[in-house]
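# A structural walkthrough
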Amino acid sequence: MRILAIETSFDETAAAIVDDGTKVVTNVIATSKEMHEKYGGVVPEIAARQQLQSMIPVLTEALLSSKNNTVLLNSNKVFASIDAIAVTIGPGLIGSLLVGVETAKTLAFVTKKPLIPVNHVLAHMYANFIDSSFVIPGVTRNPSSSNAGSPAWAGDDKKEIQFPAISLVVSGAHTELYFMKNIKDLQWLGGTLDDAAGECFDKTARLLGFGYGGGVAIEKAAARGNIKLPRPMMDESFDFSFSGLKTAVMREWKKHLALAGSNPANAFAYEIQEAITDVLVEKTIRAAKKFNAKSILLSGGVAANTRLREKFPVAIHVPPPALCTDNAVMIAAVAYFRGNPVDWHEITAIPDLSVKY
Ligand code: KG4
Ligand code: ZN
């Protein structure tokens, strides 16, 4: 089954074509990140306008650049090989979401293809199934799609994803832990009560003077020093809280700046990364033990962090960095594995779409 997917929830405009939820045919992403740099964060109005400008060029490129179908757009049969269209309906910024949703609805209307609405946060975890080998009870997967000889970013050499699994989604706006009974049935275990892990990276990075694009900047700058920060909410629950850590960074940073000639930004970066990753690893492992998980899946922008991946004491599954951050491939994947087509008249953008399943 071939799905054309569209993602416009935040500051990325993305379109992709994916076969059977696992094989990438095309994957195109345009970002408005640089436009937000001077403001130190994403400006929703700018993001939405940029979505409008990028949507059609991105979609066209996704349809044109297919490896297997050299020029999909080359005839009236442009959509002939596509079985369904999938689109992110939330959560996200309303102005950004609307661009993708209305584009997808128009395509569904014109082509009469089924339209599958997708939850962006759930989609992140399905990036793990792209080109990986995994076990669906009763289904034998083609060995040619296994991940043999896969690159170093993957947790270890055992690429078989087995269920039940624990799935941690860590992005700029979300820190959510799920129990995956199988590829379809999910149970939300907990999430952040305030700031998300990525948000904490972004806000503390700005404070330290690293500017926009926090997580990557902190990872690059991190160098061991003698700064100590708290590990918030290391309790029995599967919830997270990172705003206290941000406040602690603010307080300690001011103290250190007051010391003449002291600028320990690298040591702060190191300790912020350690604190965030300690909490994420601890809670995920605890959930994995409690639910006898056979696999642990990470996803979302923060899953691109090397320190987080290496800190896990057991093998984990992580998408390649380009599929950790926002993309449309994951939208097609979740649509394939657990999506249901809905009449396009009924589909609407939902900025605060719940992630609790
Ligand atoms: O999933 P994503 O692209 O967008 C959302 O859906 O939010 O995640 C973006 C988040 C940002 O907070 C960014 O700072 C963080 O992912 N991030 C990282 C790294 N790369 C991206 N955080 C830590 N280390 C990284 N290498
Ligand atoms: Zn995301």
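Structure shown above.
Read on for an overview of the structure.

Rules used in this analysis
Residues numbered from 1 in each chain as written. Chains lettered and ligands numbered in written order. Predicted model: local features only at pLDDT ≥ 70, side-chain atom pairs only at ≥ 80, totals over all residues. Heavy atoms only, no water. Buried < 20%, exposed > 50% of the residue type's maximum accessible area, 1.4 Å probe, protein only. Helix = DSSP H or I, 4+ residues; strand = E, 2+ residues; numbered from the N terminus. Pairing = 2+ DSSP bridges. Axes fitted to C-alpha atoms, helices over the stretch in contact; angles between N-to-C directions. Contact = heavy atoms within 4.5 Å.

### So, the pairing of strand S1 (residues 2-7)
When you tally the buried positions in S1, you get 6 out of 6 residues, the bulk of the element. Side-chain alternation along S1 places Arg 2, Leu 4 and Ile 6 on one buried face and Ile 3, Ala 5 and Glu 7 on a second face that is also buried. In this structure, the hairpin formed by S1 and strand S2 (residues 12-19) is closed by a connection of 4 residues. As judged from the 4 bridges shared by S1 and strand S4 (residues 84-90), these two strands associate in the parallel manner. Looking at the pairing, Ala 5 lines up with Ala 86 of S4.

### Quick word on the sheet that holds strand S9 (residues 295-299)
Across a sheet, strands are paired by hydrogen bonds formed along the backbone, either parallel or antiparallel in direction. Strand order in the open sheet formed by 4 strands is S8-S7-S6-S9, with mixed pairing between adjacent strands. Of all the strands in the sheet, the pair left with one neighbour each is strand S8 (186-191) and S9. Sheet twist, expressed as the mean angle between neighbouring strand axes with direction ignored, is 20 degrees. Of the strand pairs in this sheet, strand S7 (residues 175-180) and S8 are connected by 5 bridges, and their pairing is antiparallel. Residue pairing across strands places Tyr 178 opposite Trp 188, the latter belonging to S8. The strands touched by helix H8 (residues 265-290) are strand S6 (165-170), S7, S8 and S9; relative to S6, the strand with the most contacts, the crossing angle is about 155 degrees.

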